[in-house]
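A look at the structure
Residue-level listing of the chains:
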Amino acid sequence: MSLAERLARPEILALPAVDIAGAPVAGTIRLDANENPFESLVSGQPAINRYPDPQPAQLRQRMAGLYGVPAESLWVTRGSDDAIDLLIRGFCRAGVDSVGIVEPTFSAYAQFARVQGAAVIAARLTSDLEFDADAVLAAMAPAALKLLFLCTPNNPTGTPVDPADVRRIAAALPDTLVVADEAYGEFSNCPSLAAEAGPIPNLVVLKTLSKAYGLAGARVGCAVADPSIIDLLARVSPPYPLPGPSIAAALATLGPERMPVHAERIARLLAERDRLLGQLGDTEGVRRVRAGGNFLFLEVERPEELAQRLAAAAIRVRFRAKAAPGGVRVTVGTEAENQALLAAFGLTREAGSSRRAEIVRDTNETRIALAIDLDRAEPRRIASGIPFYDHMLDQVAAHGGFSLVLACEGDLTIDPHHSVEDIAIALGTALKQALGDKRGIGRFGFALPMDETRAEVLIDLSGRPFARFEGSFASAAVGGLPTELVPHIFRSLADSLGAAVHVRVDGENDHHKVEGCFKALGRALRTAVALEGRGDALPSTKGVL
Ligand code: PMP
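Residues numbered from 1 in each chain as written. Predicted model: local features only at pLDDT ≥ 70, side-chain atom pairs only at ≥ 80, totals over all residues. Heavy atoms only, no water.

Observations regarding the site of the ligand
In the vicinity of the ligand lie 14 residues, with Ser80, Asp181, Thr208, Ser210 and Arg219 positioned nearest. A distance of 3.0 Å separates an oxygen atom of the ligand from a polar atom in the backbone of aspartate 81. Here an oxygen atom of the ligand sits 2.7 Å away from a polar atom, N or O, in the side chain of arginine 219. By residue number, the principal contributor to the shell around the ligand is helix 4 (residues 79-91), which donates three residues. (Near = heavy atom within 4 Å. Polar contact = N/O pair within 3.5 Å; in protein donor to acceptor, adjacent residues only side chain to side chain. Helix = DSSP H or I, 4+ residues; strand = E, 2+ residues; numbered from the N terminus.)

What to know about the nonpolar core
In this structure, Leu370, Ile372, Tyr389 and Ile459 are the most contacted members of the largest nonpolar core, which totals 55 residues. Beyond its immediate chain neighbours, meaning those up to four positions away, tyrosine 389 contacts Ser384, Ser419, Val420, Ile423, Ala424, Leu481, Ile489 and Phe518. If you look at the next biggest cluster of nonpolar residues, it comprises 48 residues, including Leu125, Val161, Ala218 and Leu242. (Core = buried A, V, L, I, M, F, W, Y, C linked by side-chain atoms within 4.5 Å. Buried < 20%, exposed > 50% of the residue type's maximum accessible area, 1.4 Å probe, protein only. Contact = heavy atoms within 4.5 Å.)

Points about the side chain of histidine 418
Structurally, histidine 418 can be placed in helix 14 (residues 417-435). Within the structure, the side chain of histidine 418 is placed 3.5 Å from the side chain of glutamate 365, a separation counted as a polar contact. In contact with histidine 418, not counting residues within four places along its chain, are Glu365, Thr366 and Asp411.

Digging into the sheet that holds strand 6 (residues 203-208)
With respect to topology, seven strands assemble into an open sheet ordered 1-7-6-5-4-2-3, the strand pairing being mixed. Of all the strands in the sheet, the pair left with one neighbour each is strand 1 (74-77) and strand 3 (119-124). Here the average twist between neighbouring strands, direction ignored, is 20°. For strand 5 (residues 177-181) and strand 6, the ladder comprises four bridges, and the chain directions are parallel. Its bridge partner lying in strand 6, valine 178 is registered against leucine 203. (Pairing = 2+ DSSP bridges. Axes fitted to C-alpha atoms, helices over the stretch in contact; angles between N-to-C directions.)

Observations regarding the pairing of strand 4 (residues 145-151)
Extensive coverage of strand 4 is indicated by the burial of seven of its seven residues. One ladder, built from five bridges, connects strand 4 with strand 5; its direction is parallel. By the bridge assignment for strand 5, cysteine 151 is matched with aspartate 181. Considered for its hand, the β-α-β crossover made up of strand 4, helix 7 (residues 163-172) and strand 5 is right-handed. (Right-handed = clockwise from strand over helix to strand, strands pointing away.)

In structure tokens:
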């Protein structure tokens, strides 16, 4: 008998599997699910007239790969909230079994337990809001404790639970499922325990796409555990828990070309978290600031008053008088939002501004994700699929003095054309978006010679696309980049950026000539996008650009 069978509610074990229509089989006529046979009238949402896959194999595989676990050990859920609910419904008998928590913590554990009629046994963090494994073990009477939720890092206090403590607690409570909720794990230094769920038979790990992957509205998460526990969750699951558009959104956001932008966003949020931590820590009335997840927990003398004061400045933060009376939880926002928060604390008067843009662009030929920041030089991480083009784009960003994170999954097996062109379009679009209304920027760029090559790029961010390329190449390709595409890149960029771009190049060595063009572009852009310290003047007598 598996651990899951031993711990599960007997009536769940006795249930037959839910009776639903089978997965679609190609070439068959589907008259088995009482669906409407006509395509939905919602554009961009194909096939939502059909019920979705109850457990989408491709997404399950992708999430398993993301977390480094076998697919049969992972069950995709409607947010990790749903995983919490499934665990409690599958394992806790009303009026008999109990659920352990360590307060203050995420309210859903106790809420779902009470809905199910399970008792809640609560341990507490120390008075310093630290996790004390011995105190937790002492508080848990193991008799009918079916589940123990350990949130790491903890919501709302940010307290991490050392993985060694989780292992020790799981070993000490062999008849309890120890659930490590890693909803905020991507924002923590603590290594994930996902790969140990299964090898440690009573360990379950919860993950979500709501936080680090920005998909709270799609409701996608998962539980990782021994396959016998997963089988049990499947029995309690509703027939079609995941809406088709959510499955599609999850697969899109987890595309390999999206991952560098996710990583850059996480790094940015952590840098912002540190900035807020540094500034708010020194504020009067703030006793201590704890960082964890994508939020801060401010221990303050009068938290309710603080929450009200911030609300008056139209900033909503979380204060829970009963559950976490000692402090206020503040989510890390965009730079501009965080700046508004600091202003509400009287710590700055400057409004936050950010010349940053993110572009995702998917066609049948390429999938591109790109983040650009004109006011930061780092990071630069470029993966176009064509190493020489990476090098060229890196020249543009390095000499342009801006950060560029770009990844493309393109149809390179056909030829580099689509990737090269679409990246140029995405880059131009991103530059245009990041420049915003162009107030405060210089209008013209210029360039200089390089070795025996003379390369010149002149740019006017006029809003009127125009491209001229004077120069030719003797070789058909340089480093896998067809030279005929070089003028085309500048043209695509001019079109999507809305700029006049004039390029002139002559020399003897084609590598130098191509590289010279991109370097010159970077240098020209550096001048063209630089804020000139003239406030918000528009560099045009027209008054618009
Ligand atoms: N666990 C924790 C600790 C949370 O804070 C949250 C959301 N606030 C969740 C789980 C649920 O997240 P979701 O259902 O969006 O995956």
